[in-house]
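# Notes for the structure review
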Amino acid sequence: MVDSLKIRVETRYPEHLAEKALRLEAAGESFDRAMITIPAMVKPGATFSATVSLLDSNAMPIIAGGEVLSISLDDSDSYDVKFPEGRCAMARVEGLVKSDAGYFRLSAEVGDQIFLSNPSLCTDKDRPLLLWGDPHIHTTVGDCHPDRCRTRNLAYAAARHAYGLDFVAVADHVSWAPRGTAGKWKDNLALCDLFDEPGEFSTLYCYETSMKGGKGGDCNVYMRQRNATYVDPWPDEMNAAQLAAQLEG
């Protein structure tokens, strides 16, 4: 029996604001590779989506100029993704259905080059959900490597629409003012909520702090909900447990 991928698909492109943030701040240069991201696990007969993008050598989405990406699985039918010219070359292909159990990848052809997605397991057995994301991203708001960092708009938009991640955490420094202040932290919380898409894409409340004036190491703090108080332990002799106790209040 030939393994097959049934395709009843629809191509969707990122909303204007996210696409514009990428196009203005990080428009890629010449095409280097395609990226295809699919869920780590799917169920036979259930629909799933793939995030597809055309990237340059720095993993930034290129500006489309008529390129077509054709996705398929083994000898099954293929589906062409046509990226609108003048916009970032990234899209979401919805309505994909894998019929047979087992591990698989999608393949994508761009011109005469072939690229593969991440592996996925198609199974009807109940297994723990496996999600992919980036737990530590720095942006310009924390002034950490400002010559290389980009804005939070880019961080969130690229993670969601160019790379197809399930979650992301912007972990800027809040310690050692003026790199971090209570006002910047409130702004971080607002941007985190703005880009969060429940059930689709999770943005984590997070920051990086330095214990004991930098001598105690850097720690990432992840929170399930907004913290009631802003705690900056940089000048204090504080450990992680003491920081957690203050955040709980």
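Anyway, here's the lowdown on the structure attached to this text. Computed from a predicted model, the values in this text were never measured in an experiment.

Let us now look at the overall build of the chain. Counting its secondary structure elements, the chain contains 4 helices and 16 strands. A buried classification covers 45% of the 249 residues belonging to the chain. By sequence separation, contacts in the chain at least 24 residues apart represent 67% of the contacts at least 6 residues apart.

Membership of the largest hydrophobic core comes to 35 residues, with the highest contact counts inside it found for L22, Y156, Y163, Y207 and L243. Broken down by secondary-structure element, the contributors of at least two residues to this core are α1 (16–26), α2 (152–162), β13 (167–170), α3 (182–195), β15 (205–210), β16 (218–223) and α4 (240–248). Ranked by residues supplied to this core, first place goes to α2 with 7 residues. The contacts of Y163, once residues within four sequence positions are left out, are M35, T37, T51, L55, A59, M60 and A158. Core analysis: the next-biggest nonpolar cluster, separate from the first, contains 25 residues, F48, A89, F104 and A108 among them.

Attention now moves to the pairing of strand β9 (residues 107–110). Relative to β9, strand β5 (residues 68–72) is paired through 3 bridges, and the arrangement is antiparallel. Counted as the bridge partner of I71 is A108 from β9. Looking at chain direction, β9 and strand β10 (residues 113–116) are connected through 4 bridges and run antiparallel. Across the sheet, V110 pairs through a bridge with Q113, a residue of β10. The turn linking β9 back onto β10 is made up of 2 residues, and G111 within it adopts a positive phi angle of 65 degrees.

This part covers the side chain of D172. One can find D172 in the loop between β13 and α3. There is no salt bridge for the buried D172, and the closest opposite charge comes from R152, which lies 5.5 Å off by N-O distance. The residues contacting D172, other than those within four sequence positions of it, are I137, H138, T139, V141, G142, R152, N188, Y207 and E208.

Working definition: the strands of a sheet are paired by backbone hydrogen bonds and lie parallel or antiparallel to each other. Spatial ordering of the open sheet is given by β12-β13-β14, a layout of 3 strands whose pairing is parallel. Each edge of the sheet is formed by a strand with only one pairing partner; in this case those strands are β12 (133–137) and β14 (202–203). By the bridge criterion, 2 bridges tie β13 to β14 in an arrangement that is parallel. Across the sheet, the residue bridging to F167 is S202, located in β14.

For α1, every residue scored as buried is listed here: A18, E19, A21, L22 and A26. Within α1, the buried residues cover an arc of 155 degrees as seen down the axis, which keeps them to one side. Away from the buried face of α1 by more than 90 degrees, exposed residues H16, L17 and L24 are located. Where α1 is buried, its residues touch β7 (90–98) and α2.

Each value, and the rule that gives it
Residues numbered from 1 in each chain as written. Predicted model: local features only at pLDDT ≥ 70, side-chain atom pairs only at ≥ 80, totals over all residues. Heavy atoms only, no water. Helix = DSSP H or I, 4+ residues; strand = E, 2+ residues; numbered from the N terminus. Buried < 20%, exposed > 50% of the residue type's maximum accessible area, 1.4 Å probe, protein only. Contact = heavy atoms within 4.5 Å. Core = buried A, V, L, I, M, F, W, Y, C linked by side-chain atoms within 4.5 Å. Pairing = 2+ DSSP bridges. Lys, Arg positive; Asp, Glu negative; His and termini not counted. Salt bridge = Lys/Arg side-chain N within 4 Å of Asp/Glu carboxyl O. Arc of directions from axis to C-beta.

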